[in-house]
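Descriptive structure summary
So the chains spell out like this:
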Amino acid sequence: MKYIWLVAVREFAENAKTKGFWLGLILLPIMLLIGIRVQAMLKKAIPVRHFIVVDQSDDYGKPIARALRRDLGKQRLEALTSWSSKHAVEGKPVDLDRIPASIEQLKKQLGANPQLLDACSTDAGWELLKQSTRKQIASDAPPIEEPTARFVRVPLPDEVTPDDDPDAIAKALKPYLLQQKQLTVDGEPVDLFAAVIIPKDVRGRTLEDVALAAKKGTELPTVQYWSINLADTDLPGLMQRAIDEEYQRRAYVDKGVNIAAVKKIQDASLPLAKKNPKKREGREDVSMADLIRQWAPIGFVYLLWVAIFTVSQMLLNNTIEEKSNRIIEVLLSSVTARELMWGKLFGIAAVGLTMVAAWIVSFFAILVSHKSQETQMINQVLEVLQTSNLIPYFVVYFLFGFLFYAGIFLSIGSICNTLKEAQNFMGPIMMVMMVPLVTMFFIPKDPNGTLATVLSWIPLYTPFVMMNRTAADPPLFDQVGTIVLMIVSTAVMLWLSAKIFRTGILRSGQPPRLVEVFRWLKSS
Amino acid sequence: MTASALTLDRVTKRYGDFTAVDDLSLEVPTGSIYGFLGPNGSGKTTSIRMILEILKPTKGSITVLGKPSALDVRDRIGYLPEEKGLYKKMKAWSIIAYFAALKGLDKKTAKTRAFELLERYGLKGFAESRTEALSKGMQQKVQVLASIAHEPELVILDEPFSGLDPVNQEVMEEVIRDMAAANRTILFSTHVMQHAERICDRIVLISKGRRVFDGTIAEAKRALPRRVRIETEDDVAALRDLPVVKDVIGLTVDGMPVEMTAATEPVTHWEVDLTDDADGQAVLEACFKNGIKLAQFDQSDPSLHDVFVHLVGPDAKEAAVR
């Protein structure tokens with residue numbers, strides 16, 4: 001035990017001194033930091049989207065305008081939250097909801113029970129909120145960065161007739177949508193991002209109309225959204241919600257439902273939202289956290305892969321160094337091959353754990369330090385990390401994955417004299433190791449499907465795939481079974497590699513043929 | 001304390017059909033300097049690895065410091081392998097301290113000892129250098145120091161002189177004598193006979209895995225027939241008829257028997273083997289009588305080199321050609 005400890009301490013100390021170790025240690029956090037910064041920059045860098053609404057039904061113009069104001073209101077509220085928390089007087093956090101002056105004044109202006117978001121959506125309310133927040137925060141705070149509207153509705157170009165057939169309008173707008181032509185807004189040329197065409201027939205459409213058409217099998221003309229950029233879902237989402245809201249409101253009226261009552265019912269769910277104004281408008285925030293919960297394991301699979309590979313590579317290099325420098329003989333006169341192997345495994349595992357721990361700590365530090373700023377996604381990532389068991393699983397899977405692959409790498413290291421010889425073996429190993437990287441994006445989509453389940457039971461992939469599946473609560477049988485499998489397969493792998501290690505480590509000359517290695521396994 | 005620090009009893013090591021060490025027995029008395037000699041490929045390194053329990057013998061038993069396995073007494077053994085190497089990135093002192101710690105010294109003592117040794121053998125200025133920055137000779141010195149820093153009772157050195165310049169070879173001899181003076185037992189292998197002749201109490205000579213001689217240097221020399229060496233360009237056939245002469249053998253300039261080489265030049269060096277109690281004077285007289293003009297007449301004792309060539313020459317030759 002003492003010898004294992006001595007070897008392990010040396011392995012740890014020597015590897016912790018290498019440049020590669022420190023590079024690995026800081027590179028990932030730096031990448032995360034850059035990622036966050038770049039994301040924030042990109043968010044600011046998204047250009048103002050100009051779009052056209054042709055409303056032949058005359059039903060949806062106002063709701064869309066309202067939705068746009070609320071979207072701006074949302075930006076303003078985010079900016080206000082970030083501004084007030086960034087420049088809050090120490091020990092006195094600003095609670096926007098509890099700024100009595102502003103609430104009282106707003107009530108007078110906006111009628112009963114206004115929400116912060118409503119306030120932000122009007123220019124007057126926005127000015128008031130800014131002023132009253134200003135009084136609560138540090139006096140030397142810089143002025144708030146005034147958010148601008150993300151989406152700007154622009155009028156139709158002159159040559160397009162608004163009363164034309166929707167298809168004709170779409171055809172006329174095509175050159176603009178394809179950015180072959182530009183619109184002129186306030187004398188400035190701008191690109192047209194999208195066009196929303198609401199045909200005449202939509203006007204006054206009732207639920208019965210829809211049902212009847214469905215019965216007959218005819219297709220009713222519907223709202224068209226034209227854009228070459230369908231990846232950006234913000235604008236179509238906004239339009240969809242605005243139009244649905246209005247459509248539903250009309251349906252209520254049509255059915256003789258008391259709208260005031262409906263509003264009241266809707267308001268009844270509001271106090272909950274009141275505590276966190278950001279959650280009020282849509283349920284999309286909730287689904288975002290769910291999304292993160294679902295996809296976070298991918299990040300961990302990647303980390304796991306990088307960690308295991310980096311650390312196993314260290315083990316390979318060290319073993320080959322000892323072998324090619326013939327240090328191995330001196331070592332073996334002091335310790336047994338078994339002690340040497342375990343010492344190396346523990347020492348390098350400690351290096352790996354240190355690296356992994358440093359990553360986790362620095363990730364948390366980075367996330368926490370960016371928490372107060374507008375990136376609300378970070379808050380959710382943090383929440384997911386704290387409430388799920390991703391991290392404990394990660395550590396367990398790292399240890400088993402490392403020990404398993406360490407067995408393979410130790411065997412290779414012990415039969416090769418130079419790194420160059422080892423490269424020949426590394427080729428196939430790399431191919432095998434690529435599989436989890438390829439499948440890690442598919443597995444969350446069907447985390448308990450056949451592919452995921454089968455891969456989970458292949459020891460080479462168990463740690464990666466099970467990490468991949470953690471978010472989806474795999475069946476208990478899989479969870480417990482694969483852990484047992486990992487314990488057994490790791491033990492067998494280490495037992496086999498101990499045999500190869502013992503014989504291979506003293507060998508010089510060419511690497512043995514596979515048949516020969518099998519003979520070592522059989523003997524003694 | 002046992003009388004012999006190391007005993008090998010009929011030890012054999014086979015790799016498949018190849019027998020590396022064949023029925024080797026050996027006894028190394030405590031406190032002696034024992035030379036382990038033999039040509040390349042004769043099984044020296046394999047034997048040493050078996051002594052250290054790095055390899056297991058196919059047959060036979062080994063007793064080290066009174067224990068059946070070197071592992072039981074590994075802290076009391078020091079070992080310098082034939083092929084030398086160090087961790088390139090480690091500092092000289094820390095590598096010595098590390099190996100000493102592996103031999104049971106506590107960290108602090110190991111460190112102090114490392115600096116002491118480096119200072120004593122002239123490497124004080126390089127204690128903090130990475131070993132890759134040292135010259136080959138210095139690296140080897142560091143390795144020797146690393147193998148003896150824990151003051152082992154039994155020191156096994158495999159080819160300690162190879163790769164050292166003459167000055168450092170003398171330093172190495174000094175290290176060995178220092179250790180012997182402290183009543184340690186030293187077993188070292190070499191194929192350079194001068195070193196063995198200078199410092200060994202006893203030698204064992206092996207060839208093709210078999211022991212061909214075991215004893216003191218004086219006994220080794222006695223293993224050779226008494227002989228004189230002469231150099232002449234004349235015919236030496238008359239000498240063969242002398243009663244004291246057993247044989248006359250032509251030699252190359254290097255001292256190898258002519259029939260073992262493919263030399264075609266006329267032979268000028270001769271070895272005249274004598275009967276056991278004969279006197280070289282008789283040969284000299286015969287030379288005068290027969291008009292053999294001598295360029296050189298040498299009646300000095302044979303060197304260990306001669307013994308080596310005599311005992312294992314043909315085997316070594318064969319091994320070298322193979």
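Residues numbered from 1 in each chain as written. Chains lettered and ligands numbered in written order. Predicted model: local features only at pLDDT ≥ 70, side-chain atom pairs only at ≥ 80, totals over all residues. Heavy atoms only, no water.

To continue, consider the overall build of chain A. Counting its secondary structure elements, chain A contains 21 helices and six strands. The 524 residues of chain A split such that 46% are buried. Partitioning the contacts of chain A with sequence separation of at least 6, the portion at a separation of at least 24 is 76%. (Helix = DSSP H or I, 4+ residues; strand = E, 2+ residues; numbered from the N terminus. Buried < 20%, exposed > 50% of the residue type's maximum accessible area, 1.4 Å probe, protein only. Contact = heavy atoms within 4.5 Å.)

On to the overall build of chain B. Across its full length, chain B holds nine helices and 13 strands. For chain B, the residues scored as buried account for 51% of the 322 residues in total. Counting contacts in chain B only where the partners sit at least 6 residues apart, residues at least 24 apart contribute 69% of the total. When the accessible surface of chain B is totalled, it reaches about 15,200 Å², and 49% of it is carbon and sulfur. (Areas by Shrake-Rupley, 256 points an atom, 1.4 Å probe, with all protein chains shown as cover.)

Our focus in this paragraph is helix α19 (residues 462-469) of chain A. Of all eight residues making up α19 of chain A, eight are buried, and the element is well covered by its neighbours. Those residues of α19 of chain A that sit buried are Thr462, Pro463, Phe464, Val465, Met466, Met467, Asn468 and Arg469 of chain A.

Moving on, we come to empty space enclosed by the protein. Summed over the entire model, instances satisfying the criterion amount to two cavities of 30 Å³ or more. Size it by volume and the largest cavity reaches roughly 80 Å³. As for the largest cavity, its lining consists of Tyr121, Gln140, Lys141, Val144, Leu145, Leu164, Asn168, Val171, Met172 and Val175 of chain B. When the residues that make up the lining of the largest cavity are grouped by side-chain class, the tally is seven nonpolar, two polar and one charged. Taken together, Val330, Ser333 and Ser334 of chain A together with Tyr79, Phe99, Lys103, Ala146, Ser147 and His150 of chain B make up the full set of residues lining the second largest cavity. Those elements that provide at least two residues to the lining of the second largest cavity are α13 (327-334) of chain A together with α4 (136-148) of chain B. For the lining of the second largest cavity, the class distribution of residues is four nonpolar, four polar and one charged. (1 Å grid on protein atoms, 1.4 Å probe; cavity = no way out; pocket = protein on both sides within 12 Å on 5 of 7 lines; lining within 4 Å. Points joined across faces, edges and corners; volume = space filled by probe spheres on them. Nonpolar A, V, L, I, M, F, W, Y, C, P; charged D, E, K, R; others polar.)

Moving on, we get to the sheet that holds strand β4 (residues 59-64) of chain B. Residues and elements named next belong to chain B. The antiparallel open sheet is built from three strands, whose spatial order is β2-β1-β4. Both outer strands of the open sheet, β2 (18-29) and β4, are each paired with one neighbouring strand and no more. Neighbouring strand axes in the sheet, compared pairwise and without regard to direction, differ in orientation by 15° on average. Pairing geometry for strand β1 (residues 4-15) and β2, over eight bridges, is antiparallel. Looking at β2, one finds that Tyr15 is bridged to Phe18. Together, β1, β2 and β4 form the strand contacts of helix α1 (residues 44-51), whose direction differs from that of β1 by roughly 120°. (Pairing = 2+ DSSP bridges. Axes fitted to C-alpha atoms, helices over the stretch in contact; angles between N-to-C directions.)

Turning next to the interface of chain B and chain A. Contact residues are listed per partner, giving 25 residues for chain B and 22 residues for chain A. In total, about 2,300 Å² of surface goes out of reach between chain B and chain A, with carbon and sulfur atoms giving 57% of it. It is Arg74, Tyr87 and Leu102 of chain B that lose the most area in chain B upon contact with chain A, and together they represent 28% of the buried surface on that side. Run the count over chain B and chain A and you get two salt bridges. (Buried area = accessible area lost by both parts, 1.4 Å probe. Salt bridge = Lys/Arg side-chain N within 4 Å of Asp/Glu carboxyl O.)

Looking now at the pattern of salt bridges. Should the charged atoms of two oppositely charged side chains come close, the side chains can pair. Residues and elements named next belong to chain A. Going through the model one piece at a time under the given rule, you end up with 31 salt bridges over all chains. Close ionic contact of Lys255 with Glu208 constitutes a salt bridge, the shortest N to O distance being 2.6 Å. In this pair, Lys255 sits in the loop between α9 (234-254) and α10 (259-268) while Glu208 sits in helix α8 (residues 207-216), placing the two residues 47 residues apart along the sequence. A salt bridge links Glu322 to Lys344; its shortest N-O distance comes to 3.1 Å. Taken together, the residues Glu322 in helix α12 (residues 284-324) and Lys344 in helix α14 (residues 337-369) connect sequence positions 22 residues apart. One network of salt bridges, with partners in common, ties together Arg10, Glu11, Glu322 and Lys344.

Across chain A, the average pLDDT comes to 80, with 87% of residues at or above 70. Overall, residues 269-286 of chain A carries pLDDT values under 50, and its contacts beyond four positions in sequence, including any with other chains, amount to 19 contacts. (pLDDT = per-residue confidence, 0-100.)

What follows is about the packing of aromatic side chains. Inspection of the entire model under this criterion finds 14 aromatic pairs over all chains. With centroids separated by 5.2 Å and ring planes inclined at 15°, the aromatic side chains of Trp305 of chain A and Phe309 of chain A adopt a geometry described as stacked. Placement of the pair is Trp305 of chain A and Phe309 of chain A together in helix α12, with a separation of four residues, close to one helical turn. Given a relative accessible area of 10%, Trp305 of chain A falls into the buried group. Take Phe309 of chain A: its relative accessible area is 16%, and that puts it in the buried class. Taken together, Trp305, Phe309 and Phe409 of chain A form an aromatic cluster joined through their ring pairs. Over the aromatic face of Tyr87 of chain B sits the side chain of Arg10 of chain A, whose NZ or CZ is 3.4 Å from the ring centroid. Directly above the ring of Trp93 of chain B sits Lys111 of chain B, whose terminal nitrogen or CZ lies 4.7 Å from the centroid. (Phe/Tyr/Trp six-rings, centres within 6.5 Å; stacked < 30°, edge-to-face > 60°. Lys NZ or Arg CZ within 6 Å of the ring centre and 35° of its normal.)

Right, let's get into a negative patch on the surface. Residue and element names in this part refer to chain A. Where like charges cluster on the molecular surface, the negative patch consists of Asp163, Asp164, Asp165 and Asp167. With respect to the secondary-structure elements, Asp164 resides in the loop between β2 (151-153) and α7 (166-177). We classify Asp164 as partly exposed; its relative accessible area is 35%. (Patch = residues over 30% accessible without salt bridge, like charges linked within 9 Å, V, L, I, M, F, W, Y side chains within 5 Å. Lys, Arg positive; Asp, Glu negative; His and termini not counted. Charge placed at Lys NZ, Arg CZ, Asp CG, Glu CD.)

This part takes up α7 of chain A. Residue and element names in this part refer to chain A. Residues of α7 that are buried include every one of Pro166, Ile169, Ala170, Leu173, Tyr176 and Leu177, and no others. Considered in projection along α7, the buried side chains sweep an arc of 95° and stay on one side of the axis. Exposed and oriented more than 90 degrees from the buried face of α7 are Asp167 and Lys171. The inward-facing, buried residues of α7 abut β1 (49-55), β3 (183-185), β5 (194-198) and β6 (224-226). Taken from the residues just after α7, Gln179 is the one with a positive phi, measuring 60°. (Arc of directions from axis to C-beta.)

Let's shift gears to the packing of helix α1 (residues 2-16) of chain A against helix α2 (residues 92-102) of chain B. At a minimum axis separation of 10 Å, α1 of chain A and α2 of chain B run at an interaxial angle of 160°. Comparing their axes, α2 of chain B and α1 of chain A come out roughly antiparallel. Relative to α2 of chain B, α1 of chain A is oriented so that their crossing is left-handed. In this structure, α1 of chain A contributes Tyr3, Leu6, Val7 and Arg10 of chain A to the contact, and α2 of chain B contributes Tyr98, Ala101 and Leu102 of chain B. Looking at the contact of α1 of chain A with α2 of chain B residue by residue, the classes come out as six nonpolar, no polar and one charged. (Parallel < 35°, antiparallel > 145°, perpendicular 65-115°, else oblique. Left-handed = near helix turned anticlockwise from the far one by under 90°.)

What follows deals with a positive patch on the surface. Where like charges cluster on the molecular surface, the positive patch consists of Lys62, Arg66, Arg69 and Lys263 of chain A. Considering each element in turn, the positive patch owes the most residues, three residues, to helix α3 (residues 61-86) of chain A.

Residue and element names in this part refer to chain B. Here His191 is to be found in the loop between β7 (185-190) and α6 (193-199). On a C-alpha basis, the gap between His191 and Gly38 in space is 6.1 Å, while along the polypeptide they are 153 residues apart. Excluding residues that lie within four positions of it along the chain, His191 makes contacts with Gly38, Asn40 and Glu159.

Here we come to the packing of α19 of chain A against helix α20 (residues 476-504) of chain A. To describe two helices that pack against each other, one gives the angle between their axes and the distance between the axes. Residues and elements named next belong to chain A. Running from N to C, α19 and α20 cross one another at 160°; their axes reach a closest spacing of 11 Å. When the axis of α19 is compared with that of α20, the two are roughly antiparallel. The hand of the α19/α20 crossing is left-handed. Facing α19, whose interface residues are Thr462, Pro463, Met466 and Arg469, α20 presents Asp478, Gln479, Thr482, Leu485 and Met486. Here the residues of the contact of α19 with α20 are counted per class, giving four nonpolar, three polar and two charged.

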